[in-house]
Amino acid sequence: MKKILFKNGIVVNSKKCFTADVLIEGEKIKKIGKNIKVAGSQCVAPTRVGSQVQVIDCKGKYIFPGFIDGHTHFDLSVAGTTTIDDFQSGTKAAVSGGTTTIIDYGTQYKGETLKEGLKNWLDKAKDGVSSDFGVHMSISDLTDKAKSEIKDMIKEGVTSFKLYTTYDIKLNDDDMLSALTEIAKCKGITGVHCENDGIIKELRANVKGEDNKRVISHALTRPAVAEADCVNRLAYMSNITGAAFLAVHVTCEEALNEVKIAKKRGYKVYGETCPQYLYFDDSVYKKSFAEASKYVCAPPIRKKKDINALWKALKDGSIDIVSTDHCSFTKEQKALGKDDFRKIPGGLNGVEQRGILLFDAALNKKITIERMCVLLSENPAKLFGLWHRKGFIKEGYDADLVIIDPKNSTTLNLKNQVSKSDYCAFEGKKLKGKIERVFLRGMQVVDENKNIVEKHGKYIKRKIYKDLK
(Lines give C-alpha, C1' and ligand atoms only; values in the text may rest on other atoms or scores of the structure.)
Protein backbone atom coordinates (compact mmCIF):
# COMPACT_ATOMS: atom_id res chain seq x y z
CA MET A 1 0.00 0.00 0.00
CA LYS A 2 1.38 3.39 -1.03
CA LYS A 3 2.77 5.55 1.78
CA ILE A 4 3.58 9.27 1.76
CA LEU A 5 5.44 11.02 4.58
CA PHE A 6 5.03 14.78 4.92
CA LYS A 7 8.02 16.08 6.89
CA ASN A 8 8.16 19.10 9.19
CA GLY A 9 4.93 20.73 8.08
CA ILE A 10 2.84 23.16 10.13
CA VAL A 11 -0.21 21.05 10.95
CA VAL A 12 -3.39 23.09 11.47
CA ASN A 13 -6.41 22.44 13.65
CA SER A 14 -8.88 24.57 15.61
CA LYS A 15 -6.73 24.79 18.72
CA LYS A 16 -3.21 25.39 17.44
CA CYS A 17 -0.68 25.10 14.66
CA PHE A 18 2.22 22.77 15.40
CA THR A 19 5.19 21.39 13.52
CA ALA A 20 4.96 17.65 12.88
CA ASP A 21 5.26 14.87 10.34
CA VAL A 22 2.16 13.30 8.81
CA LEU A 23 2.25 9.78 7.42
CA ILE A 24 -0.51 8.62 5.10
CA GLU A 25 -1.03 5.05 3.94
CA GLY A 26 -3.40 4.34 1.10
CA GLU A 27 -6.44 6.60 1.54
CA LYS A 28 -6.02 7.27 5.28
CA ILE A 29 -3.90 9.25 7.70
CA LYS A 30 -1.75 6.67 9.46
CA LYS A 31 0.30 8.67 11.97
CA ILE A 32 1.01 12.22 13.16
CA GLY A 33 4.11 13.02 15.23
CA LYS A 34 7.68 14.21 15.45
CA ASN A 35 10.46 12.53 13.48
CA ILE A 36 8.38 9.69 12.05
CA LYS A 37 10.59 7.00 10.59
CA VAL A 38 9.40 4.74 7.78
CA ALA A 39 11.49 1.91 6.41
CA GLY A 40 12.29 2.29 2.73
CA SER A 41 11.43 5.97 2.53
CA GLN A 42 13.17 8.20 0.02
CA CYS A 43 12.68 11.81 -0.98
CA VAL A 44 11.10 11.81 -4.43
CA ALA A 45 8.83 14.06 -6.43
CA PRO A 46 5.29 13.43 -5.18
CA THR A 47 3.96 12.74 -8.65
CA ARG A 48 6.54 10.04 -9.38
CA VAL A 49 5.31 6.47 -9.14
CA GLY A 50 7.19 3.31 -8.32
CA SER A 51 8.60 4.26 -4.92
CA GLN A 52 6.97 2.48 -2.00
CA VAL A 53 7.36 5.48 0.28
CA GLN A 54 7.53 9.12 -0.77
CA VAL A 55 8.86 11.86 1.48
CA ILE A 56 7.68 15.43 0.91
CA ASP A 57 9.51 18.27 2.64
CA CYS A 58 6.88 20.65 4.03
CA LYS A 59 9.14 22.83 6.15
CA GLY A 60 7.59 26.27 6.61
CA LYS A 61 4.39 25.20 4.83
CA TYR A 62 0.92 24.73 6.31
CA ILE A 63 -0.87 21.39 6.17
CA PHE A 64 -4.64 21.88 6.35
CA PRO A 65 -7.36 19.25 6.35
CA GLY A 66 -9.14 19.34 2.99
CA PHE A 67 -11.63 22.18 2.76
CA ILE A 68 -15.36 21.41 2.63
CA ASP A 69 -17.78 23.59 0.69
CA GLY A 70 -21.31 22.92 1.86
CA HIS A 71 -23.02 25.25 -0.61
CA THR A 72 -22.64 24.73 -4.36
CA HIS A 73 -25.03 24.71 -7.31
CA PHE A 74 -23.70 22.64 -10.20
CA ASP A 75 -25.77 21.96 -13.31
CA LEU A 76 -28.70 23.94 -11.88
CA SER A 77 -31.52 25.45 -13.93
CA VAL A 78 -31.87 29.15 -13.07
CA ALA A 79 -33.80 31.97 -14.76
CA GLY A 80 -34.27 30.12 -18.03
CA THR A 81 -30.69 28.92 -18.31
CA THR A 82 -28.33 26.43 -16.62
CA THR A 83 -25.21 27.12 -14.58
CA ILE A 84 -22.11 26.86 -16.75
CA ASP A 85 -20.32 24.58 -14.26
CA ASP A 86 -21.61 21.03 -14.09
CA PHE A 87 -20.40 18.39 -11.65
CA GLN A 88 -17.36 17.65 -13.78
CA SER A 89 -16.03 21.20 -14.19
CA GLY A 90 -17.33 22.35 -10.81
CA THR A 91 -15.59 19.67 -8.78
CA LYS A 92 -12.40 20.12 -10.82
CA ALA A 93 -12.49 23.84 -9.95
CA ALA A 94 -13.23 23.04 -6.30
CA VAL A 95 -10.31 20.69 -5.76
CA SER A 96 -7.90 23.03 -7.57
CA GLY A 97 -8.52 25.46 -4.71
CA GLY A 98 -8.14 22.94 -1.91
CA THR A 99 -11.81 21.98 -1.55
CA THR A 100 -11.73 18.20 -1.44
CA THR A 101 -15.43 17.75 -0.63
CA ILE A 102 -18.45 19.67 -1.88
CA ILE A 103 -22.09 19.26 -0.93
CA ASP A 104 -24.39 20.36 -3.71
CA TYR A 105 -28.00 21.43 -3.35
CA GLY A 106 -30.12 18.83 -5.06
CA THR A 107 -33.73 19.79 -5.68
CA GLN A 108 -37.03 18.00 -5.54
CA TYR A 109 -39.08 19.92 -8.10
CA LYS A 110 -42.85 20.15 -8.07
CA GLY A 111 -44.42 16.76 -8.76
CA GLU A 112 -41.29 14.77 -7.89
CA THR A 113 -40.62 12.58 -4.90
CA LEU A 114 -37.50 13.16 -2.81
CA LYS A 115 -36.07 9.89 -4.11
CA GLU A 116 -36.53 11.09 -7.69
CA GLY A 117 -34.86 14.37 -6.83
CA LEU A 118 -31.88 12.58 -5.30
CA LYS A 119 -31.55 10.20 -8.25
CA ASN A 120 -31.61 13.13 -10.67
CA TRP A 121 -28.73 14.77 -8.78
CA LEU A 122 -26.65 11.63 -8.48
CA ASP A 123 -27.09 11.09 -12.22
CA LYS A 124 -25.51 14.51 -12.83
CA ALA A 125 -22.29 13.15 -11.32
CA LYS A 126 -22.26 9.80 -13.13
CA ASP A 127 -19.58 10.88 -15.63
CA GLY A 128 -17.09 11.38 -12.81
CA VAL A 129 -16.17 14.02 -10.25
CA SER A 130 -12.81 15.38 -9.14
CA SER A 131 -13.70 15.99 -5.49
CA ASP A 132 -15.69 13.89 -3.09
CA PHE A 133 -19.29 15.03 -2.86
CA GLY A 134 -22.56 14.82 -1.02
CA VAL A 135 -26.07 16.12 -1.69
CA HIS A 136 -28.42 18.25 0.38
CA MET A 137 -32.06 17.75 -0.53
CA SER A 138 -34.11 20.86 -1.27
CA ILE A 139 -37.80 20.31 -0.59
CA SER A 140 -40.21 22.31 -2.72
CA ASP A 141 -43.30 20.07 -2.74
CA LEU A 142 -44.14 18.87 0.76
CA THR A 143 -46.61 16.10 -0.01
CA ASP A 144 -47.35 13.29 2.45
CA LYS A 145 -45.10 11.12 0.29
CA ALA A 146 -42.25 13.63 0.58
CA LYS A 147 -42.62 13.81 4.36
CA SER A 148 -42.45 10.03 4.62
CA GLU A 149 -39.30 9.97 2.49
CA ILE A 150 -37.25 12.25 4.75
CA LYS A 151 -36.16 9.25 6.82
CA ASP A 152 -35.22 7.46 3.57
CA MET A 153 -32.96 10.38 2.66
CA ILE A 154 -31.17 9.98 5.99
CA LYS A 155 -30.55 6.30 5.20
CA GLU A 156 -29.02 7.34 1.87
CA GLY A 157 -26.58 9.63 3.66
CA VAL A 158 -28.51 12.79 2.85
CA THR A 159 -28.68 14.23 6.36
CA SER A 160 -29.17 17.90 5.50
CA PHE A 161 -32.01 19.67 3.75
CA LYS A 162 -32.74 23.02 2.13
CA LEU A 163 -35.90 25.10 2.28
CA TYR A 164 -36.69 28.38 0.53
CA THR A 165 -38.78 31.35 1.62
CA THR A 166 -38.74 32.86 -1.87
CA TYR A 167 -38.70 31.82 -5.56
CA ASP A 168 -41.22 29.43 -7.09
CA ILE A 169 -39.92 26.58 -4.90
CA LYS A 170 -40.70 28.33 -1.61
CA LEU A 171 -42.77 26.76 1.16
CA ASN A 172 -45.48 28.60 3.04
CA ASP A 173 -45.23 28.84 6.82
CA ASP A 174 -47.46 25.82 7.43
CA ASP A 175 -45.36 23.58 5.22
CA MET A 176 -42.16 25.09 6.57
CA LEU A 177 -43.15 24.14 10.11
CA SER A 178 -44.22 20.68 8.99
CA ALA A 179 -40.95 20.08 7.12
CA LEU A 180 -38.84 21.28 10.05
CA THR A 181 -40.78 18.99 12.37
CA GLU A 182 -40.19 15.91 10.21
CA ILE A 183 -36.51 16.73 9.70
CA ALA A 184 -36.07 17.27 13.45
CA LYS A 185 -37.51 13.81 14.14
CA CYS A 186 -34.72 12.34 12.01
CA LYS A 187 -32.08 14.61 13.61
CA GLY A 188 -31.27 16.29 10.31
CA ILE A 189 -30.17 19.89 9.82
CA THR A 190 -31.96 22.38 7.60
CA GLY A 191 -30.41 25.23 5.64
CA VAL A 192 -32.86 27.96 4.70
CA HIS A 193 -32.62 30.68 2.06
CA CYS A 194 -34.02 33.56 4.07
CA GLU A 195 -35.69 36.41 2.18
CA ASN A 196 -39.26 37.64 2.62
CA ASP A 197 -40.94 36.90 -0.70
CA GLY A 198 -43.77 39.35 -0.13
CA ILE A 199 -41.42 42.29 0.42
CA ILE A 200 -39.41 41.41 -2.68
CA LYS A 201 -42.48 41.03 -4.91
CA GLU A 202 -43.99 44.30 -3.73
CA LEU A 203 -40.80 46.28 -4.29
CA ARG A 204 -40.12 44.70 -7.66
CA ALA A 205 -43.64 45.35 -8.88
CA ASN A 206 -43.07 49.07 -8.34
CA VAL A 207 -39.91 49.32 -10.47
CA LYS A 208 -40.77 51.19 -13.67
CA GLY A 209 -39.21 52.55 -16.85
CA GLU A 210 -35.44 52.88 -17.09
CA ASP A 211 -35.03 51.52 -13.58
CA ASN A 212 -35.79 48.10 -15.07
CA LYS A 213 -32.39 48.25 -16.80
CA ARG A 214 -30.45 49.38 -13.75
CA VAL A 215 -28.65 46.54 -11.97
CA ILE A 216 -28.79 48.45 -8.68
CA SER A 217 -32.56 47.78 -8.75
CA HIS A 218 -31.70 44.17 -7.91
CA ALA A 219 -30.18 45.22 -4.59
CA LEU A 220 -32.81 47.85 -3.82
CA THR A 221 -35.66 45.36 -4.20
CA ARG A 222 -34.06 42.70 -1.99
CA PRO A 223 -33.31 44.80 1.11
CA ALA A 224 -31.56 43.67 4.28
CA VAL A 225 -34.84 43.78 6.22
CA ALA A 226 -36.27 41.06 3.94
CA GLU A 227 -33.41 38.78 4.93
CA ALA A 228 -33.42 39.64 8.64
CA ASP A 229 -37.18 39.11 8.89
CA CYS A 230 -36.91 35.52 7.66
CA VAL A 231 -33.88 34.66 9.78
CA ASN A 232 -35.89 35.83 12.79
CA ARG A 233 -38.95 33.79 11.84
CA LEU A 234 -36.98 30.65 11.00
CA ALA A 235 -35.10 30.86 14.29
CA TYR A 236 -38.41 30.79 16.15
CA MET A 237 -39.82 28.06 13.92
CA SER A 238 -36.76 25.87 14.36
CA ASN A 239 -36.89 26.27 18.12
CA ILE A 240 -40.59 25.37 18.23
CA THR A 241 -39.94 22.19 16.23
CA GLY A 242 -36.59 21.31 17.80
CA ALA A 243 -34.89 21.55 14.40
CA ALA A 244 -31.30 22.60 13.74
CA PHE A 245 -31.37 25.64 11.45
CA LEU A 246 -28.54 26.98 9.30
CA ALA A 247 -29.04 30.52 8.00
CA VAL A 248 -27.28 30.17 4.67
CA HIS A 249 -25.40 33.01 2.95
CA VAL A 250 -25.86 35.63 5.69
CA THR A 251 -25.11 38.96 4.00
CA CYS A 252 -25.88 41.80 6.38
CA GLU A 253 -25.62 43.11 9.92
CA GLU A 254 -29.38 42.94 10.42
CA ALA A 255 -29.62 39.22 9.63
CA LEU A 256 -26.42 38.55 11.55
CA ASN A 257 -27.93 40.16 14.63
CA GLU A 258 -30.87 37.75 14.42
CA VAL A 259 -28.43 34.82 14.34
CA LYS A 260 -26.62 36.21 17.38
CA ILE A 261 -29.87 36.66 19.34
CA ALA A 262 -30.98 33.11 18.55
CA LYS A 263 -27.62 31.71 19.65
CA LYS A 264 -27.84 33.63 22.95
CA ARG A 265 -31.26 32.09 23.54
CA GLY A 266 -29.74 28.65 23.16
CA TYR A 267 -31.49 27.85 19.89
CA LYS A 268 -29.83 25.39 17.51
CA VAL A 269 -29.07 28.14 15.00
CA TYR A 270 -25.93 28.42 12.88
CA GLY A 271 -24.67 31.02 10.42
CA GLU A 272 -22.98 30.76 7.03
CA THR A 273 -21.55 33.50 4.84
CA CYS A 274 -19.70 33.58 1.50
CA PRO A 275 -16.65 35.35 0.05
CA GLN A 276 -18.67 37.72 -2.13
CA TYR A 277 -20.22 39.26 0.98
CA LEU A 278 -16.81 39.61 2.64
CA TYR A 279 -14.99 41.29 -0.25
CA PHE A 280 -17.50 43.38 -2.21
CA ASP A 281 -20.00 46.12 -1.38
CA ASP A 282 -23.02 47.34 -3.32
CA SER A 283 -20.94 49.80 -5.36
CA VAL A 284 -20.42 46.85 -7.75
CA TYR A 285 -24.02 47.36 -8.87
CA LYS A 286 -23.34 50.95 -9.95
CA LYS A 287 -20.93 49.95 -12.73
CA SER A 288 -21.82 49.28 -16.37
CA PHE A 289 -24.35 46.52 -16.96
CA ALA A 290 -21.66 44.13 -18.22
CA GLU A 291 -19.68 44.55 -14.99
CA ALA A 292 -22.51 44.99 -12.50
CA SER A 293 -24.47 41.97 -13.72
CA LYS A 294 -21.54 39.68 -12.84
CA TYR A 295 -22.26 40.30 -9.16
CA VAL A 296 -26.00 39.71 -9.17
CA CYS A 297 -26.76 37.07 -6.58
CA ALA A 298 -29.42 36.54 -3.96
CA PRO A 299 -29.40 37.86 -1.38
CA PRO A 300 -27.49 40.73 -3.00
CA ILE A 301 -24.13 42.13 -2.02
CA ARG A 302 -24.59 44.71 0.76
CA LYS A 303 -22.81 47.73 2.20
CA LYS A 304 -19.36 48.33 3.68
CA LYS A 305 -20.77 48.26 7.21
CA ASP A 306 -22.00 44.75 6.55
CA ILE A 307 -18.58 43.61 5.39
CA ASN A 308 -17.10 44.85 8.67
CA ALA A 309 -19.82 43.14 10.71
CA LEU A 310 -19.30 39.82 8.92
CA TRP A 311 -15.52 39.81 9.42
CA LYS A 312 -16.04 40.50 13.10
CA ALA A 313 -18.53 37.62 13.22
CA LEU A 314 -15.98 35.27 11.67
CA LYS A 315 -13.66 36.09 14.54
CA ASP A 316 -16.15 35.86 17.41
CA GLY A 317 -17.94 32.72 16.23
CA SER A 318 -21.29 34.26 15.30
CA ILE A 319 -20.69 32.95 11.78
CA ASP A 320 -19.86 29.25 11.83
CA ILE A 321 -18.83 28.42 8.27
CA VAL A 322 -17.77 30.09 5.04
CA SER A 323 -19.17 28.42 1.92
CA THR A 324 -19.34 29.82 -1.60
CA ASP A 325 -22.85 29.46 -3.06
CA HIS A 326 -20.95 28.75 -6.28
CA CYS A 327 -23.56 29.31 -9.01
CA SER A 328 -21.64 30.28 -12.12
CA PHE A 329 -22.66 31.78 -15.43
CA THR A 330 -21.10 33.37 -18.49
CA LYS A 331 -21.32 37.03 -19.45
CA GLU A 332 -23.70 36.04 -22.24
CA GLN A 333 -26.01 34.34 -19.74
CA LYS A 334 -25.93 37.39 -17.47
CA ALA A 335 -26.95 39.52 -20.48
CA LEU A 336 -30.34 37.77 -20.52
CA GLY A 337 -31.39 40.52 -18.13
CA LYS A 338 -30.01 43.53 -20.00
CA ASP A 339 -33.51 44.97 -20.46
CA ASP A 340 -34.98 43.71 -17.19
CA PHE A 341 -32.85 43.22 -14.07
CA ARG A 342 -35.27 40.53 -12.86
CA LYS A 343 -34.08 38.23 -15.66
CA ILE A 344 -30.39 38.33 -14.76
CA PRO A 345 -29.50 34.82 -13.54
CA GLY A 346 -28.35 35.15 -9.95
CA GLY A 347 -25.06 33.73 -8.76
CA LEU A 348 -21.31 33.90 -9.25
CA ASN A 349 -18.29 31.64 -9.09
CA GLY A 350 -15.94 31.24 -6.13
CA VAL A 351 -15.48 27.55 -5.30
CA GLU A 352 -11.79 27.60 -6.23
CA GLN A 353 -10.95 31.02 -4.74
CA ARG A 354 -12.39 30.63 -1.24
CA GLY A 355 -9.45 28.82 0.39
CA ILE A 356 -6.68 31.18 -0.68
CA LEU A 357 -8.86 34.24 0.03
CA LEU A 358 -9.29 33.12 3.64
CA PHE A 359 -5.62 32.19 3.96
CA ASP A 360 -4.61 35.67 2.84
CA ALA A 361 -7.08 37.08 5.37
CA ALA A 362 -5.46 34.99 8.09
CA LEU A 363 -1.96 36.19 7.19
CA ASN A 364 -3.33 39.74 7.29
CA LYS A 365 -4.72 39.13 10.81
CA LYS A 366 -8.42 39.41 9.89
CA ILE A 367 -8.85 35.92 11.34
CA THR A 368 -6.41 33.38 12.74
CA ILE A 369 -5.06 30.39 10.83
CA GLU A 370 -6.84 28.17 13.36
CA ARG A 371 -10.13 29.99 12.79
CA MET A 372 -9.74 29.52 9.05
CA CYS A 373 -9.49 25.77 9.66
CA VAL A 374 -12.67 25.89 11.74
CA LEU A 375 -14.62 27.83 9.10
CA LEU A 376 -13.52 25.81 6.06
CA SER A 377 -12.95 22.32 7.44
CA GLU A 378 -13.90 21.43 11.02
CA ASN A 379 -17.29 23.13 11.36
CA PRO A 380 -18.54 22.09 7.91
CA ALA A 381 -17.53 18.51 8.73
CA LYS A 382 -19.57 18.65 11.94
CA LEU A 383 -22.65 20.37 10.54
CA PHE A 384 -22.82 18.25 7.39
CA GLY A 385 -22.17 14.84 8.92
CA LEU A 386 -18.60 14.31 7.73
CA TRP A 387 -17.04 14.56 11.19
CA HIS A 388 -16.23 10.84 11.30
CA ARG A 389 -13.80 10.93 8.37
CA LYS A 390 -13.15 14.45 7.05
CA GLY A 391 -12.40 17.98 8.22
CA PHE A 392 -9.62 17.04 10.65
CA ILE A 393 -6.02 15.85 10.44
CA LYS A 394 -6.45 12.78 12.63
CA GLU A 395 -5.20 9.23 12.50
CA GLY A 396 -7.71 7.04 10.68
CA TYR A 397 -9.31 9.95 8.82
CA ASP A 398 -9.34 10.42 5.04
CA ALA A 399 -5.99 11.70 3.77
CA ASP A 400 -7.50 14.91 2.39
CA LEU A 401 -4.69 17.44 2.75
CA VAL A 402 -3.96 20.93 1.44
CA ILE A 403 -0.35 22.18 1.43
CA ILE A 404 -0.06 25.99 1.38
CA ASP A 405 3.18 27.92 1.01
CA PRO A 406 2.89 31.24 2.92
CA LYS A 407 6.00 32.66 1.27
CA ASN A 408 4.58 32.42 -2.22
CA SER A 409 1.69 34.44 -3.67
CA THR A 410 -1.40 34.05 -5.83
CA THR A 411 -3.09 36.39 -8.28
CA LEU A 412 -6.70 35.55 -9.03
CA ASN A 413 -7.63 35.98 -12.67
CA LEU A 414 -9.49 34.38 -15.55
CA LYS A 415 -6.27 32.99 -17.03
CA ASN A 416 -5.70 30.78 -13.99
CA GLN A 417 -9.35 29.96 -13.37
CA VAL A 418 -10.61 26.38 -13.72
CA SER A 419 -14.33 27.18 -13.66
CA LYS A 420 -15.94 27.36 -17.10
CA SER A 421 -17.28 30.84 -16.37
CA ASP A 422 -15.69 33.41 -18.70
CA TYR A 423 -14.99 35.91 -15.96
CA CYS A 424 -13.37 35.82 -12.54
CA ALA A 425 -15.31 37.69 -9.86
CA PHE A 426 -12.03 38.42 -8.03
CA GLU A 427 -10.08 39.42 -11.14
CA GLY A 428 -6.64 40.83 -10.40
CA LYS A 429 -6.74 40.31 -6.64
CA LYS A 430 -3.22 39.65 -5.31
CA LEU A 431 -3.03 37.42 -2.26
CA LYS A 432 -0.42 36.10 0.12
CA GLY A 433 0.12 32.36 -0.01
CA LYS A 434 -0.20 29.71 -2.68
CA ILE A 435 -1.86 26.32 -2.69
CA GLU A 436 1.02 24.04 -3.62
CA ARG A 437 -0.45 20.55 -3.46
CA VAL A 438 -3.84 18.96 -2.77
CA PHE A 439 -4.40 15.32 -1.80
CA LEU A 440 -7.77 13.58 -1.96
CA ARG A 441 -7.92 10.32 -0.02
CA GLY A 442 -4.17 9.88 -0.38
CA MET A 443 -3.95 10.71 -4.08
CA GLN A 444 -2.23 13.92 -5.14
CA VAL A 445 -4.76 15.58 -7.42
CA VAL A 446 -3.37 19.12 -7.64
CA ASP A 447 0.18 20.36 -8.13
CA GLU A 448 0.90 24.12 -8.13
CA ASN A 449 -2.80 24.92 -8.65
CA LYS A 450 -2.94 22.55 -11.64
CA ASN A 451 -5.23 19.54 -11.69
CA ILE A 452 -3.04 16.49 -12.33
CA VAL A 453 -5.58 13.76 -11.52
CA GLU A 454 -9.26 14.06 -12.38
CA LYS A 455 -12.35 12.04 -11.48
CA HIS A 456 -10.87 10.60 -8.26
CA GLY A 457 -13.89 11.81 -6.30
CA LYS A 458 -16.84 9.76 -5.11
CA TYR A 459 -20.21 10.09 -3.37
CA ILE A 460 -19.95 10.17 0.42
CA LYS A 461 -22.82 9.04 2.62
CA ARG A 462 -23.01 11.39 5.58
CA LYS A 463 -23.94 10.92 9.22
CA ILE A 464 -26.15 13.06 11.47
CA TYR A 465 -24.74 16.51 12.20
CA LYS A 466 -22.85 17.36 15.39
CA ASP A 467 -23.58 20.45 17.44
CA LEU A 468 -20.73 22.95 17.46
CA LYS A 469 -20.79 23.59 21.21
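Below is a short write-up of the structure. Only a predicted model underlies this, so the values are computations on that prediction, with no experimental measurement involved. Numbering of residues starts from 1 in every chain and runs along the sequence as written. Where local features are concerned, this predicted model is filtered to residues with pLDDT of at least 70; where side-chain atom pairs are given and counted, the filter is 80 or more; whole-chain, interface and lining totals use all residues. Excluded from the side-chain calculation are hydrogens and water; included are all heavy atoms of the structure.

### Looking at helix α3 (residues 144-155)
Phase 1: Only protein chains enter the accessibility calculation, which uses a 1.4 Å probe; a residue whose area is less than 20% of its type maximum is buried, one above 50% is exposed, and one in between is partly exposed. The helix count covers DSSP runs of H or I at least four residues long, the strand count covers runs of E at least two residues long, and both are numbered beginning at the N terminus. Within α3, the full set of buried residues consists of Ala146, Glu149, Ile150, Asp152, Met153 and Ile154.
Phase 2: The inward-facing, buried residues of α3 abut β10 (99-108), α2 (114-124), β11 (132-139), β12 (160-164) and α4 (173-185).
Phase 3: Downstream of α3 by a residue or two, Gly157 has a phi angle that is positive, lying close to 85 degrees. Only heavy atoms enter the contact rule, under which two residues are in contact if any of them lie within 4.5 Å.

### Side note on the sheet that holds strand β16 (residues 321-322)
Phase 1: Here, strands pair whenever DSSP counts at least two bridges between them. The strand order β7-β10-β11-β12-β13-β14-β15-β16 describes an open sheet built from eight strands, whose pairing is parallel. Looking at strand neighbours, the two that pair on one side only are β7 (67-72) and β16, the edges of this open sheet.
Phase 2: Here two bridges tie β11 to β12, and the two strands are oriented parallel to one another. Within β12, the residue paired with Ser138 across the bridge is Lys162.
Phase 3: Here the axes come from fitting lines to C-alpha atoms, over the contacting stretch only for helices, and the angles between their N-to-C directions go from 0 to 180 degrees. Each of β13 (189-193), β14 (244-247) and β15 (269-273) touches helix α7 (residues 224-241); the most contacted strand, β14, lies at about 165 degrees to it.
Phase 4: Strand contacts of helix α13 (residues 354-363): β7, β10 and β16, with the helix running at about 120 degrees to β7, the strand carrying the most contacts.

### Focus on unusual backbone geometry
Phase 1: Following Ala298, the chain continues into Pro299 via a peptide bond in cis, with omega recorded as -5 degrees.
Phase 2: Within the element layout of this structure, Pro299 appears in the loop between α10 (289-292) and α11 (304-316).
Phase 3: Even without being a glycine, Asp325 presents a positive backbone phi close to 55 degrees.
Phase 4: Relative to the assigned elements, Asp325 resides in the loop between β16 and α12 (331-334).
Phase 5: For Arg441, which is not a glycine, the phi torsion comes out positive at approximately 45 degrees.
Phase 6: Secondary-structure assignment places Arg441 in the loop between β18 (429-440) and β19 (443-447).

Purely geometric numbers; function is a separate question.
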